[in-house]
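Descriptive structure summary
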There are 4 protein chains.
Amino acid sequence: MTRIQYQDCIDSCLKCMNACNVSYVSSLKEYDLEQLRECIRMDRECADICAYAIQAMTRQSPFVADICRLCAEICEATARESGRYKLTHCQECINACLKCADACRQISEAVAILA
Amino acid sequence: MTRIQYQDCIDSCLKCMNACNVSYVSSLKEYDLEQLRECIRMDRECADICAYAIQAMTRQSPFVADICRLCAEICEATARESGRYKLTHCQECINACLKCADACRQISEAVAILA
Amino acid sequence: MTRIQYQDCIDSCLKCMNACNVSYVSSLKEYDLEQLRECIRMDRECADICAYAIQAMTRQSPFVADICRLCAEICEATARESGRYKLTHCQECINACLKCADACRQISEAVAILA
Amino acid sequence: MTRIQYQDCIDSCLKCMNACNVSYVSSLKEYDLEQLRECIRMDRECADICAYAIQAMTRQSPFVADICRLCAEICEATARESGRYKLTHCQECINACLKCADACRQISEAVAILA
């Protein structure tokens, strides 16, 4: 597994982290904050695992398969939670989370096969 | 799951992160550095997942079960790697890693049962 | 600077991270969420720099003086923000933040003198 | 300060984190490991602050000015350390670190002016 092969997944994780953090900051400014408690919490969870996965891929961690699988699960859960809201930043978050989940599952499976 | 119940595991993770980072820094000063390549790499991996697990527990992450399971696996792998060396900081690392792995597995199972 | 000398500051940072994350989670459950937007945001900021400072101290980072100074500033800002609320978790956060800020400034100055 | 304005700096930080982690992993595989002790240590320091700065920018942290200034300092120190080696990954690290330092100083000054 070379660093070039990780590049797409790293990019997807960065976009996902960005979308989640934008949604986090935007949610905290919303008038209807009351509804967004769980969304705010999940956005942070997702941003944190993405940051962790990016670092792990760039340092070619021997645990990339497990870390990316966990990242995919958290991304999917965050996409589900974001799907409960019509807000633009939540909708953008869904797309970024699902793309990231796909990319992470591909890496996870590719690395597991090579191991 | 209250924060009090996480306290032992948080303490074990902190001790493990500390032991791993001490072993990392100490390894980089060793005369016989040549032998310690993989030890250095694993020490960093283990310190990073411990830091991540500590944050996740203190913020009562809904993903604590998965995160602590991953932490346990990385701790066990780091203990195995450290077991290849007679150096004091490696031996201290084994103990801290195994205690942390135990504590993380307990949390992981307790949270999974409650879920 | 040995690791023993960092121990008090590491403990203060851990307590502060814990208090901030507890306040973060608790704030997101409050009825009066509306008032707590900035508190939630600062709690996360403070927890993140504390996590970063803990890792830096355990790995004896050559940048500990700067990192701990930054941590002290963020802790003080978080204490000020928390001071605007009467909630128990906010009051506990103030104490933990101020103790952590003190411990970080002491480390920062001690390391700067030794450098 | 909108998220678009951070984009260049986020990209520079990601490239720098990648270059540092590649240099870290590559150094640990070098025959002449003996000479690279300090390089390995600095690569990790730099990757960690870059990861932290990226997260801070994407969540529009109120402390971006200070965090990016610290990131610039660590990048510059890592570039100086990498300058002691002729290895390709060290030379690539210098470029990435200096570009990241520039981008971080620009953000730091822009944010400070706006504050």
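In case you missed it, the structure is sitting above this.
Just so we're clear, the structure is a prediction, and the values are computed from it rather than from any experiment.

1. Considering the overall build of chain A
- Scanning chain A from terminus to terminus reveals four helices and zero strands.
- Each helix and strand of chain A, ordered N terminal to C terminal, gives the series α-α-α-α.
- The C-alpha radius of gyration computed for chain A amounts to 14 Å, which stays within 12% of the reference 13 Å derived for 115 residues, consistent with globular compactness.
- Dimensions along the principal axes, computed over C-alpha positions, put chain A at roughly 50 × 20 × 15 Å.
- A total of 115 residues make up chain A; the buried ones form 63% of that total.
- Counting only contacts in chain A whose residues sit at least 6 apart along the sequence, the fraction spanning at least 24 positions is 73%.
- Accessible surface, chain A as shown: approximately 4,700 Å² in total, 51% of it carbon and sulfur.
- Each charge sign in chain A was given a centre, from 13 positive and 16 negative side chains, and these centres are 2 Å apart.

2. A look at the interface of chain D and chain B
- Between chain D and chain B, the residue contacts involve 15 residues of the former and 15 residues of the latter.
- Carbon and sulfur atoms make up 47% of the surface buried where chain D meets chain B, a total of about 1,300 Å² over both sides.
- Contact with chain B buries surface across chain D, with Leu28, Arg37 and Arg44 of chain D losing the most and accounting together for 47% of the total.
- Viewed at the interface, chain B and chain D are joined by two salt bridges.
- Broken down by element, the residue count for the side of chain D that touches chain B peaks at six residues, all from helix α2 (residues 37-58) of chain D.
- Tallied by class, residues from the side of chain D that touches chain B come to six nonpolar, two polar and seven charged.

3. Thoughts on the packing of helix α2 (residues 37-58) of chain B against helix α2 (residues 37-58) of chain C
- With their axes 11 Å apart at the nearest point, α2 of chain B and α2 of chain C run at an angle of 150 degrees to one another. Between α2 of chain B and α2 of chain C, the angle falls in the class roughly antiparallel. The two elements α2 of chain B and α2 of chain C meet at a crossing, and its hand is right-handed. Contacts between α2 of chain B and α2 of chain C involve Ala47, Asp48, Ala51 and Gln55 of chain B from the former and Ala47, Asp48, Ala51 and Gln55 of chain C from the latter.
- Its residues assigned to classes, the contact of α2 of chain B with α2 of chain C shows four nonpolar, two polar and two charged.

4. As for the interface of chain A and chain B
- Contacts between the two partners involve 19 residues from chain A and, on the opposite side, 19 residues from chain B.
- Summed over both sides, the interface of chain A with chain B buries roughly 1,800 Å², with 56% coming from carbon and sulfur.
- Here Glu45 of chain B and Arg59 of chain A are joined by a salt bridge, their closest N and O atoms 2.7 Å apart.
- Inspection of the region where chain A meets chain B yields ten residue pairs in polar contact (both at pLDDT 80 or more).
- Broken down by secondary-structure element, the contributors of at least two residues to the side of chain A that touches chain B are α2 (37-58) and α3 (64-82) of chain A.
- Counting residues per element, the side of chain A that touches chain B draws most heavily on α2 of chain A, which supplies eight residues.
- When its residues are assigned to classes, the side of chain A that touches chain B shows nine nonpolar, three polar and seven charged.

5. Comments concerning the relation of the copies chain D and chain B
- Overlaying chain D with chain B gives an RMSD of 0.0 Å, the required rotation being 180 degrees about an axis along which the chain moves by 0.0 Å. Overall, the copies show the geometry of a two-fold rotation axis.
- Counting the interface residues of chain D, we find that 100% of their copies in chain B are interface residues as well, pointing to one common contact surface.

6. Some points on a negative patch on the surface
- A surface patch of negative charge is lined by Asp8 and Asp11 of chain B together with Asp8 and Asp11 of chain C.
- If you list the elements that add at least two residues to the negative patch, you get α1 (3-27) of chain B together with α1 (3-27) of chain C.
- Taking relative accessible area as the criterion, Asp11 of chain C reaches 31% and is therefore assigned partly exposed.

The rules we used
- Residues numbered from 1 in each chain as written.
- Chains lettered and ligands numbered in written order.
- Predicted model: local features only at pLDDT ≥ 70, side-chain atom pairs only at ≥ 80, totals over all residues.
- Heavy atoms only, no water.
- Helix = DSSP H or I, 4+ residues; strand = E, 2+ residues; numbered from the N terminus.
- Rg over C-alpha atoms; globule rule 2.2 N^0.38 Å.
- Buried < 20%, exposed > 50% of the residue type's maximum accessible area, 1.4 Å probe, protein only.
- Contact = heavy atoms within 4.5 Å.
- Areas by Shrake-Rupley, 256 points an atom, 1.4 Å probe, with all protein chains shown as cover.
- Lys, Arg positive; Asp, Glu negative; His and termini not counted.
- Charge placed at Lys NZ, Arg CZ, Asp CG, Glu CD.
- Buried area = accessible area lost by both parts, 1.4 Å probe.
- Salt bridge = Lys/Arg side-chain N within 4 Å of Asp/Glu carboxyl O.
- Nonpolar A, V, L, I, M, F, W, Y, C, P; charged D, E, K, R; others polar.
- Axes fitted to C-alpha atoms, helices over the stretch in contact; angles between N-to-C directions.
- Parallel < 35°, antiparallel > 145°, perpendicular 65-115°, else oblique.
- Left-handed = near helix turned anticlockwise from the far one by under 90°.
- Polar contact = N/O pair within 3.5 Å; in protein donor to acceptor, adjacent residues only side chain to side chain.
- Least-squares fit on C-alpha atoms with pLDDT ≥ 70 in both.
- Patch = residues over 30% accessible without salt bridge, like charges linked within 9 Å, V, L, I, M, F, W, Y side chains within 5 Å.

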